[in-house]
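# What the coordinates show
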Amino acid sequence: RVREAVVSTQSTGEDEAGEEEEDENLMENITRSSKRTTVIENKLRSEPLSDDKRKEHQKRLTTQLNEEAKARLSDKKNGYSPKKKMQTSVAFKNIASFPTDPTIRDLKIMVDKKHESVILPIFGVPTPYHISHIKNISKSEEGDYVYLRINFNVPGTLSALEEHYANPDATFLKETTYRSSVRKNKSGETPGMHLNNAFRMIKEMQKKFKQYESEKKQMADVVEQDSLKITQTKGVPRLKDLYMRPNVTTKRVIGTLEAHSNGFRFSNSHGSNIDIIYNTIKFAFFQPCDKEMLIMLHFYLRHPIMIGKKKTYHISFYTEVG
């Protein structure tokens, strides 16, 4: 009887182990078949994979960028017209504005800062030239004389491509040279000093005019933003202790970025505000601190805005980790 009990116990243990193995095999078969036949919720087999979607999207973007570049190069994008040529600058609009200075009557070079013009004696006639028509100027001394050479912008030269000439087939003066003695005359004056002063004043006027033209070109594509609508409620989304690029001042200044009804406002500790309207933002990027020392929010704008004295398309707000 003892032997029978032991045999029966062993047989029952073997039966239970066999049943467990059969259950495991059955579950494996079910999971394998389910992996092959189960349709994921909200996703069908006919839908393309994520990699295929990405490639298709890349193709569309490439085609769009190529079309925009082609339209931009052919000057047809959004009714874009060819670059407008600058009108010829006029020294004096009428004879009434022409100065009556003794220097002109004495047939000497006169620099008129008010009208940004230089009056030169040409064949005994005082002839006004706007400072934009003077290409360059040089001075040299040889023996007892000082020479002042002036080169002008004329049609056909590279520097005069943007100018519009009413009669480009006319005869233009390309350069002229003036000579004056460095010796004192009977009245005790040195005639060469007048050429030295004219050279210095023309150089200063050219520098100011080029700076003005540079600022004018820089501001040409700057679009004035809409006014920011301040949210009056207390629960305004706010990010504190941020830095901004580019800097408003020479040193970086900490500030706070607030999200209002139609745009962002960055207020720094110096009391100045930088507003960015939502419809001005073309792309926005967020950089988390994964393997990076900076947490950054970057905006690429549709139109440049002025930050300090410079225009920019890119604005970043960031803070350092740790």
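The notes below deal with the structure included here. (Residues numbered from 1 in each chain as written. Predicted model: local features only at pLDDT ≥ 70, side-chain atom pairs only at ≥ 80, totals over all residues. Heavy atoms only, no water.)

### What about the overall build of the protein?
Of regular secondary structure, the protein possesses four helices and 15 strands. Going through the 322 residues of the protein one by one, you find that 25% of them count as buried. Residue pairs at least 24 apart in sequence account for 46% of intrachain contacts in the protein once pairs closer than 6 positions are excluded. Total accessible area computed for the protein in this model is approximately 24,200 Å², and 53% of it derives from carbon and sulfur atoms. (Helix = DSSP H or I, 4+ residues; strand = E, 2+ residues; numbered from the N terminus. Buried < 20%, exposed > 50% of the residue type's maximum accessible area, 1.4 Å probe, protein only. Contact = heavy atoms within 4.5 Å. Areas by Shrake-Rupley, 256 points an atom, 1.4 Å probe, with all protein chains shown as cover.)

### Considerations on the packing of aromatic side chains
Throughout the structure, instances matching the rule amount to ten aromatic pairs. Measuring from centroid to centroid gives 5.8 Å for Tyr243 and Tyr318, while their planes differ by 35°, and the two rings are tilted. Placement of Tyr243 in strand E9 (residues 238–245) and of Tyr318 in strand E15 (residues 310–320) is noted, with a sequence separation of 75 residues between them. The buried category is assigned to Tyr243, whose relative accessible area is 18%. By relative accessible area, Tyr318 is classed as buried at 4%. Look at Phe264 and Tyr278: their rings are 5.1 Å apart centre to centre, the planes differ by 85°, and that puts the pair in the edge-to-face class. On the criterion of sequence distance, the pair formed by Phe264 in strand E11 (residues 263–268) and Tyr278 in the loop between strand E12 (273–277) and strand E13 (281–287) is long-range, its members being 14 residues apart. A relative accessible area of 31% means that Tyr278 is categorised as partly exposed. Chaining the aromatic ring pairs together yields one cluster made of Phe264, Phe266, Tyr278, Phe299 and Phe317. Over the aromatic face of Tyr243 sits the side chain of Arg252, whose NZ or CZ is 4.1 Å from the ring centroid. (Phe/Tyr/Trp six-rings, centres within 6.5 Å; stacked < 30°, edge-to-face > 60°. Lys NZ or Arg CZ within 6 Å of the ring centre and 35° of its normal.)

### Considerations on unusual backbone geometry
Residue Pro246 is bonded to the preceding Arg245 through a cis peptide linkage, with omega at -5°. With respect to the element layout, Pro246 can be found in the loop between E9 and strand E10 (255–259). Look at Phe123: it is not a glycine, yet its phi comes out positive at around 55°. One can find Phe123 in the loop between strand E3 (117–122) and strand E4 (125–130). For Phe123, a relative accessible area of 84% corresponds to the exposed category. If you check the backbone angles, Asp241 has positive phi at about 55° while not being a glycine.

### Observations concerning the pairing of strand E6 (residues 145–152)
Where strand E5 (residues 134–142) meets E6, eight bridges bridge the pair, whose relative direction is antiparallel. Along E6, the bridge assignment pairs Asn136 with Asn151. In textbook terms, the turn of a hairpin is the stretch between consecutive antiparallel strands, and for E5 and E6 this stretch comprises two residues, one of which, Gly143, has a positive phi near 65°. (Pairing = 2+ DSSP bridges.)

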